[in-house]
Amino acid sequence: LENLSIVFLVRDPLENMKSFLSRNKDFFLDNSSPAAKANILNLDSKHLSKGELYLWSWAETFLRYQKLSKTKKIKKSIVFYSEDLQFPAKVSELLNSLEVEHKKIKKIKKINTNEQLGIKKTIVDIKDIILLKEFIMKIPKKHNLLINKLELSLNKNKKKYDII
């Protein structure tokens, strides 16, 4: 395949982690070990909490997107944030930039699938913010763009939940 366009649909890493934790899933049923040689971000899973495993998965996905987007076969790579799915103009802009024909986009109602499944709503708390801060310290400095993205989440969630 040549001349591909890719979209990286990004959810806030803390909200993503919290959502998976609320579902009480076995991380290793759907994910490889953070210590696997094929990974870009190799971490010893024995030293990661359950929440950090999901943060690692988010981080590994981010790093793989970065790597893939730099290959010669990719003509266009776009980061799109999940919170922007509720704004028709932003979804339309994304589709237009990908040269995808589409009808007028209607407003998409934001839903919490955890709540629909009878699981508690995804709400980040102070413990999650502390966990992210500790996880960032485990990431090698060479992954500075990843660290910056995670720090943006850290600061956004501190502000959003009025935590200093």
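Just so it is clear, the model here is predicted, and its values are computed rather than measured.

Engineer: Give a description of helix α4 (residues 88-97) that names residues and reports values.
Structural biologist: Buried within α4 we find Val 91, Ser 92 and Leu 94. Along the axis of α4, the buried positions cluster into a sector of 160°, meaning they face one direction only. Exposed positions of α4 whose direction lies more than 90 degrees from the buried face are Ala 89 and Glu 93. Buried residues belonging to α4 abut β1 (4-10) and β2 (74-81). Count one or two residues on from α4 and you reach Glu 99, which has phi positive near 60°.

Engineer: Quick rundown of the side chain of Ser 92? Include the residues and the values.
Structural biologist: Assignment of secondary structure puts Ser 92 in helix α4. Excluding residues within four positions of it along the chain, Ser 92 makes contact with His 102 and Ile 105.

Engineer: So what's going on with unusual backbone geometry? Which residues, and what values?
Structural biologist: The phi torsion at Asn 24 lies on the positive side, around 55°, for a residue other than glycine. Following the sequence through the fold, Asn 24 ends up in the loop between α1 (13-22) and α2 (27-30). Its relative accessible area of 60% is what places Asn 24 among the exposed residues. In the Ramachandran plot, Glu 99 falls in the positive-phi region, its phi being about 60° despite a non-glycine side chain. Mapped onto the elements of the fold, Glu 99 is located in the loop between α4 and α5 (113-116). On the accessibility criterion, Glu 99 (64% relative accessible area) is exposed.

Engineer: Outline the confidence of the model for the chain, supporting the account with residue identities and numerical values.
Structural biologist: For the chain, mean pLDDT is 92; residues scoring 70 or higher make up 98% of the total. Of all secondary-structure elements in the chain, the lowest mean pLDDT belongs to α5, at 74, while helix α3 (residues 50-69) reaches the highest, 97.

Engineer: Go over the nonpolar core with me, naming the residues and quoting the values.
Structural biologist: Core analysis: the largest hydrophobic core is formed by 30 residues, its most contacted members being Leu 41, Phe 135, Leu 146 and Leu 150. With residues near it in sequence (within four places) discarded, Leu 150 still touches Pro 13, Trp 58, Leu 132, Phe 135, Ile 136 and Ile 139. One finds Ile 78, Phe 80, Val 91 and Ile 105 within the second-largest nonpolar core, a separate group that totals five residues.

Engineer: Requested: an account of the packing of aromatic side chains, with residues and values cited.
Structural biologist: Scanning all chains against the criterion turns up seven aromatic pairs. Measuring from ring centre to ring centre gives 5.0 Å for Phe 27 and Tyr 54, while their planes differ by 80°; the resulting arrangement is edge-to-face. Of this pair, Phe 27 sits in helix α2 while Tyr 54 sits in helix α3, and the two are 27 residues apart along the sequence. For the residue pair Phe 27 and Tyr 54, the accessibility class agrees, reading buried in each case. Each ring, one from Trp 58 and one from Phe 62, has its centre 5.8 Å from the other, and the planes form 5°; the classification is stacked. With Trp 58 and Phe 62 both in helix α3 and four residues apart, the pair spans about one turn of that helix. Connected via pairs of aromatic rings, a cluster forms that spans Phe 20, Phe 27, Phe 28, Tyr 54 and Trp 56.

Engineer: Could you give an account of the packing of α3 against helix α6 (residues 126-137), with specific residues and numbers?
Structural biologist: The N-to-C vectors of α3 and α6 enclose an angle of 60°; their axes lie 10 Å apart at closest approach. In terms of axis orientation, α3 runs oblique to α6. As α3 packs across α6, the resulting crossing turns out to be right-handed. Contact with α3, carried on its side by Gly 51, Glu 52, Leu 55, Trp 56 and Ala 59, involves Leu 131, Leu 132, Glu 134 and Phe 135 of α6 and no other residues of that element.

Thresholds, definitions, all that
Residues numbered from 1 in each chain as written. Predicted model: local features only at pLDDT ≥ 70, side-chain atom pairs only at ≥ 80, totals over all residues. Heavy atoms only, no water. Buried < 20%, exposed > 50% of the residue type's maximum accessible area, 1.4 Å probe, protein only. Helix = DSSP H or I, 4+ residues; strand = E, 2+ residues; numbered from the N terminus. Arc of directions from axis to C-beta. Contact = heavy atoms within 4.5 Å. pLDDT = per-residue confidence, 0-100. Core = buried A, V, L, I, M, F, W, Y, C linked by side-chain atoms within 4.5 Å. Phe/Tyr/Trp six-rings, centres within 6.5 Å; stacked < 30°, edge-to-face > 60°. Axes fitted to C-alpha atoms, helices over the stretch in contact; angles between N-to-C directions. Parallel < 35°, antiparallel > 145°, perpendicular 65-115°, else oblique. Left-handed = near helix turned anticlockwise from the far one by under 90°.

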